[in-house]
Amino acid sequence: MRQFDVILFVLVFVTFIIGIDQAIVVGLAESYWIFMFSLALLFLYGYRKGQRQAREKEEQKSSSKQKKKRKHG
């Protein structure tokens, strides 16, 4: 996991906790934007995670093809 992804995940967690606190203190309607910001960060984290997994899968495919070429070639 990259450092930026760790920071992003921590921000998701922190903004959600802040949103809960503000919902208790001032009400849900006033803290709605904090939850939406947290959700946007969560979507960004999920997108980056999916992209990283796809890239790793592609790298594994290409490395396995190279190994097969070495065996047969």
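Here the structure is a predicted model, which means the values were calculated and not measured.

## Points about the packing of aromatic side chains
Thought 1: As enumerated under the stated definition, the model contains 2 aromatic pairs in all.
Thought 2: Both rings, one in Phe9 and one in Tyr45, keep their centres 5.3 Å apart while their planes meet at 45°; by these two values the pair is tilted. Of this pair, Phe9 sits in helix α1 (residues 3-25) while Tyr45 sits in helix α2 (residues 28-72), placing them 36 residues apart in sequence.
Thought 3: Residue classification places Phe9 among the partly exposed residues on the basis of a relative accessible area of 44%.
Thought 4: Ring centres of Phe16 and Phe35 lie 5.6 Å apart, and the angle between their planes is 70°; this geometry places the pair in the edge-to-face category. One end of the pair, Phe16, is in helix α1; the other, Phe35, is in helix α2, and 19 residues separate them in sequence.

## Thoughts on a positive patch on the surface
Thought 1: The grouping of Lys57, Lys61, Lys65 and Lys68 at the surface amounts to a positive patch.
Thought 2: Its location among the elements puts Lys65 in helix α2.

## Section: the pattern of salt bridges
Thought 1: Overall, the coordinates contain 2 salt bridges when judged by the stated rule.
Thought 2: Here Asp5 and Arg48 are joined by a salt bridge, their closest N and O atoms 2.6 Å apart. Within this pair, whereas Asp5 is found in helix α1, its partner Arg48 is found in helix α2, the two being separated by 43 residues in sequence.
Thought 3: By relative accessible area, which is 31% here, Arg48 ends up partly exposed.
Thought 4: Close ionic contact of Arg52 with Asp5 constitutes a salt bridge, the shortest N to O distance being 2.5 Å. Residue Arg52 is found in helix α2, and its partner Asp5 is found in helix α1; the two are separated by 47 residues along the sequence. Asp5 carries the same exposure label as Arg52, and that label is buried.
Thought 5: Connected through salt bridges with shared partners, the residues Asp5, Arg48 and Arg52 form a single ionic network.

Cut-offs applied
Residues numbered from 1 in each chain as written. Predicted model: local features only at pLDDT ≥ 70, side-chain atom pairs only at ≥ 80, totals over all residues. Heavy atoms only, no water. Phe/Tyr/Trp six-rings, centres within 6.5 Å; stacked < 30°, edge-to-face > 60°. Helix = DSSP H or I, 4+ residues; strand = E, 2+ residues; numbered from the N terminus. Buried < 20%, exposed > 50% of the residue type's maximum accessible area, 1.4 Å probe, protein only. Patch = residues over 30% accessible without salt bridge, like charges linked within 9 Å, V, L, I, M, F, W, Y side chains within 5 Å. Areas by Shrake-Rupley, 256 points an atom, 1.4 Å probe, with all protein chains shown as cover. Salt bridge = Lys/Arg side-chain N within 4 Å of Asp/Glu carboxyl O. Lys, Arg positive; Asp, Glu negative; His and termini not counted. Charge placed at Lys NZ, Arg CZ, Asp CG, Glu CD.

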